[in-house]
Structure formats: structure tokens, C-alpha cells
Amino acid sequence: MNNLNQYLDVNPEVAQALAEGKPVVALESTIISHGMPYPQNVETALKVEEIIRSYGAVPATIAILGGRLKAGLTKDEIEYLGKQGQAVTKASRRDLAVLVAKEADGATTVTTTMMIANMAGIKIFATGGIGGVHRGAETTMDVSADLEELGQTDVMVVCAGAKAILDLKLTLEYLETHGVPVLGYQTKELPAFYTRKSGLSVDYQVDTPEELAKILKTQHDLGLKGGVLVTNPIPEEYSMDADAINAVIDRAIEEAKEKGIHGKETTPFLLAKVKEITGGDSLDANIQLVFNNAKLAAQTAVAYCKL
């Protein structure tokens, strides 16, 4: 497939692992450019890669650089993205062809990371939280492209649930309509990014990486299109107080409304606001949950390769 795709560059180490049937885990790059300041963003990205290696898998951080779709970045490329920061376009599905044609840079969201991982033949992807249905979407129609992608692209996404700034109930409804299984890792309850609880149920509780791998393989064997969503709660010691974080989110949403912020600007604005109000605690929680997801994704990728 790789030679068919004239726009795709698969990092040699990643290409070799895929050719030999070894475990590979995809990682997104929006967290590097838009998720946190330099140099913390680069340190976090490299640490996530290190965690994936420590569990026996090969990391493939994904981005668009100079109009090339990159599956697997070098240290220098990660450093470049980190330094460019917000100047890099946050690239969703609608941006992909334009950025490639213009030979521009793009940081991949959950959507575009899934797309490029799928082109490269990578089955498992670790992220922080997915996008979803925004609060008030019944009037704004603001629904993340991540959900649409999960409905059609064959990649397992390991996340800490959907970001708590969203309407989680409508997000689950949307995923159900698109036939996406929502699995809770060692939990029956949908985690809400900064917290382990949301009061909402997942479709199934799954307790081991081996079981996750088997579900993914079965999904492919049955020829079912679309992703599998694994929701992995933030570790207990880093979980934030649900009432406190929800009060902060309500304040941030009010402010976004007052300022007329909408579309793809909404999530970065709300996350930055939450970070500001919590004095940075939310960013620490965000980093820890990404580490935790990287570990589970690597363990699942290793188990998948044994099937």
C-alpha cells in the first residue's frame, strides 16, 4: 500500500516493524503543537514514545510536514513541531488535501491521525481524549469530525474518554448511531478525561489488553468497517475532583460564548481556560492520562501481533 500512496512517508523503523508484523502504535501531533507550551510539549511527546518502546512496541507520531503525510517522526521533526506551536495548522479531514497541495505543515487531530495510520497499515492509536458532540450542538451542529472518522476508519483508538468540555451523552448516542463499540478498560463507566467518572455507561467492560486485541482482530475478520473506541480512565492519583472540574468547565463555556468562539477554535480555547483556572493541574492530569493510554495501546498492539 505504501508505494501506492505518493504522498505518504513511512519512517524506516516503522516501515520495518510493519513489514515484520511487529507492534506499532500511532500518536497524534496536535498535542505537540496546540496541546502545551514548548519545551514541555516536546518532552511529553518524546516521553510518550519512550513509554511505547518500554512496552515492546514502535511509536509512530503522525503529522503533515511540507505537504508530506508522515507516519513516524524523527526527534528533530518533533522538536520542529513543538517550536512552531500554534503556527502549525490544526489539520482535520477537510484540511488534508489543501495542506498537502500547498506543501504546508499540519498537526494531526484524532481524525487525521486515524486516516494516516490507516493508510500506513497501523491498527492502534493512543491519544488523550477524543472530540465529540459539543454542548448546545442541537442548535450549533458542532460535532467533531473525530466521531465521523471512528465510524468509517479501521483503527482502534485508546483514549481517556471524550473531553469533559463536551456533551458526553450526545457523544455516546452519535457513536452508537455510527456503529462504534465503546469499550471501558476495567470500567463500566465512561471516563470523562480529567476524571474517572461521568455517570454514563460504556457498551462493554474489557479487562485485559489481550481481550482488546482479540476484539480488534475479530472486528477486522468480520469485515466490519470503522474504529473501536477504548476508554481508559485516568489513573486514580491524577484524577481531578469531578464537581470542581465541571464548575470550571461551565465557566469556560460561558466565556467562550461571550467571546463568540466556535468551530475548531472551541476546544483549544476551553482547554486553555480550564488550565488557567485550575492553575495548571488540568495540564498535569492531561499529560498523565496520555502516558497511561500509551502504555495500554502498546500492550494491546503487542497482544494483537501474537494473534
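Note that residues are indexed from 1 along each chain, following the sequence as it is written. Residue-level local features of this predicted model are given only where pLDDT is at least 70; pairs of side-chain atoms are given and counted only at 80 or more, and the full residue set underlies all totals for whole chains, interfaces and linings. Computation of side-chain values: all heavy atoms of the structure, hydrogens and water removed.

## Considerations on the overall build of the chain
For the purposes of this entry, the term helix denotes a DSSP run of H or I that reaches at least four residues, the term strand denotes a run of E that reaches at least two, and both are numbered from the N terminus. Along the chain, the regular secondary structure elements total 13 helices and 11 strands. Within these notes, the globule rule equals 2.2 Å times the number of residues to the 0.38 power, and the radius of gyration is based on C-alpha atoms. Here the C-alpha atoms of the chain give a radius of gyration of 18 Å, agreeing with the 19 Å that 2.2 N^0.38 yields for 307 residues. If one aligns the C-alpha atoms of the chain with their principal axes, the spans along those axes are about 50 × 40 × 35 Å. Buried positions account for 57% of the 307 residues belonging to the chain. Pairs of residues are marked as contacts when any of their non-hydrogen atoms sit within 4.5 Å. Excluding contacts between residues fewer than 6 apart, the proportion of contacts in the chain whose partners are at least 24 apart in sequence is 74%. Working definition of accessibility: Shrake-Rupley area with a 1.4 Å probe, residue cover restricted to the visible protein chains. Total accessible area on the chain stands at roughly 13400 Å², and carbon and sulfur atoms take up 51% of it. Under this rule, positive means Lys or Arg and negative means Asp or Glu; His and the chain ends count for nothing. Every charge is mapped onto a representative atom, which is NZ of Lys, CZ of Arg, CG of Asp or CD of Glu. Of note, the chain has its 29 positive side-chain charges centred 3 Å away from the centre of its 40 negative side-chain charges. Only protein chains enter the accessibility calculation, which uses a 1.4 Å probe. A residue is then buried if its area is under 20% of the maximum for its type, exposed if over 50%, and partly exposed in between.

## A short note on the packing of aromatic side chains
The description of an aromatic ring pair uses the distance of the two centres, along with the angle that the planes make with each other. Ring pairs shown here join Phe, Tyr and Trp side chains whose ring centres sit within 6.5 Å, with only the six-membered ring taken for Trp; geometry is labelled stacked below 30 degrees between planes, edge-to-face above 60, and tilted in between. Applying the stated criterion across every chain yields a total of 1 aromatic pair. When the centroid spacing of 4.8 Å and the interplanar angle of 70 degrees are considered together, the rings of Phe193 and Tyr194 count as edge-to-face. As far as the burial class goes, Phe193 and Tyr194 line up, both buried. Placement of a positive charge over a ring is assigned whenever Lys NZ or Arg CZ falls within 6 Å of the ring centre and within 35 degrees of the normal to the ring plane. Its end group placed over the ring of Phe193, Lys163 keeps NZ or CZ at 6.0 Å from the ring centre.

## Comments concerning the nonpolar core
Take the buried residues of types Ala, Val, Leu, Ile, Met, Phe, Trp, Tyr and Cys, join any two whose side-chain atoms come within 4.5 Å, and each joined set is a nonpolar core. Core analysis: the biggest nonpolar cluster contains 105 residues, and Ile130, Leu150, Tyr194 and Leu229 have the highest contact counts within it. For this core, the element with the highest residue contribution is helix 13 (residues 281-305), accounting for 13 residues. Leave out the neighbours within four places in its chain, and Ile130 touches Val110, Asp146, Leu147, Leu150, Val157, Cys159, Gly161, Ala162, Lys163, Leu166 and Leu229.

## Brief notes about the pattern of salt bridges
The term salt bridge refers to a side-chain nitrogen of Lys or Arg lying within 4 Å of a carboxyl oxygen of Asp or Glu. Summed over all chains, the structure comprises 17 salt bridges. Asp154 is paired through a salt bridge with Lys225; the nearest N and O atoms lie 3.3 Å apart. Of this pair, Asp154 sits in the loop between helix 8 (145-150) and strand 8 (156-159) while Lys225 sits in the loop between helix 10 (209-221) and strand 11 (228-231); the two residues are 71 residues apart in sequence, bridging distant segments of the chain. A relative accessible area of 17% means that Asp154 is categorised as buried. You can call Lys225 exposed: its relative accessible area is 59%. A cluster of three or more residues bridged by salt bridges with shared partners is formed by Asp9, Arg68, Lys70 and Glu77.

## Overview of the pairing of strand 11
On strand 11, burial covers both faces: Val228 and Val230 on one face and Leu229 and Thr231 on the other are all buried. One bridge is not enough; two strands pair if DSSP finds at least two bridges between them. The sheet contact formed by strand 8 and strand 11 spans 4 bridges and is parallel. Within the sheet, the bridge partner assigned to Val157 lies in strand 11 and is Leu229. As paired elements, strand 9 (residues 182-185) and strand 11 share 3 bridges and run parallel to each other. Considered in strand 11, the bridge of Val182 is made with Leu229.

## Examining helix 10
Here, expected helix span is obtained from the residue count minus one, scaled by 1.5 Å. The terminal C-alpha atoms of helix 10, which comprises 13 residues, lie 18 Å apart, in line with the 18 Å expected from a rise of 1.5 Å per residue. Within the span of helix 10, buried status applies to Pro209, Leu212, Ala213, Leu216 and Gln219. Within helix 10, the buried residues cover an arc of 125 degrees as seen down the axis, which keeps them to one side. The exposed residues of helix 10 that point more than 90 degrees off its buried face are Lys214 and Asp221. Structurally, helix 10 contributes buried residues whose contacts are with strand 7 (124-126), strand 8, strand 9, strand 10 (204-206), strand 11 and helix 13. Following helix 10 by one or two positions, Gly223 adopts a phi angle in the positive range, close to 70 degrees. It is the directions from the helix axis to the C-beta atoms whose arc is reported.

## A closer look at unusual backbone geometry
Trans is the prevailing form of peptide bonds, just as negative phi is the prevailing case for residues other than glycine. Cis peptide bonds are those with omega within 30 degrees of zero, and the linkage from Tyr38 to Pro39 qualifies with 5 degrees. Residues other than glycine seldom take positive phi values, yet Met141 does so here, at roughly 60 degrees. Take Met141: its relative accessible area is 67%, and that puts it in the exposed class. Here Phe193, not a glycine, exhibits a phi torsion of approximately 70 degrees, which is positive. By secondary structure assignment, the location of Phe193 is in the loop between strand 9 and strand 10. Owing to a relative accessible area of 1%, Phe193 belongs among the buried residues under this scheme.

## Things to note about helix 12 (residues 266-277)
Between the first and last C-alpha of helix 12 there are 16 Å, a value that for 12 residues agrees with the 16 Å anticipated at 1.5 Å per step. For helix 12, the set of buried residues is Thr266, Thr267, Phe269, Leu270, Leu271, Lys273 and Val274. In this structure, the buried residues of helix 12 make contact with strand 5 (89-91), helix 11 (242-258) and helix 13. The first or second residue beyond helix 12 is Gly279, which carries a positive phi of 65 degrees.

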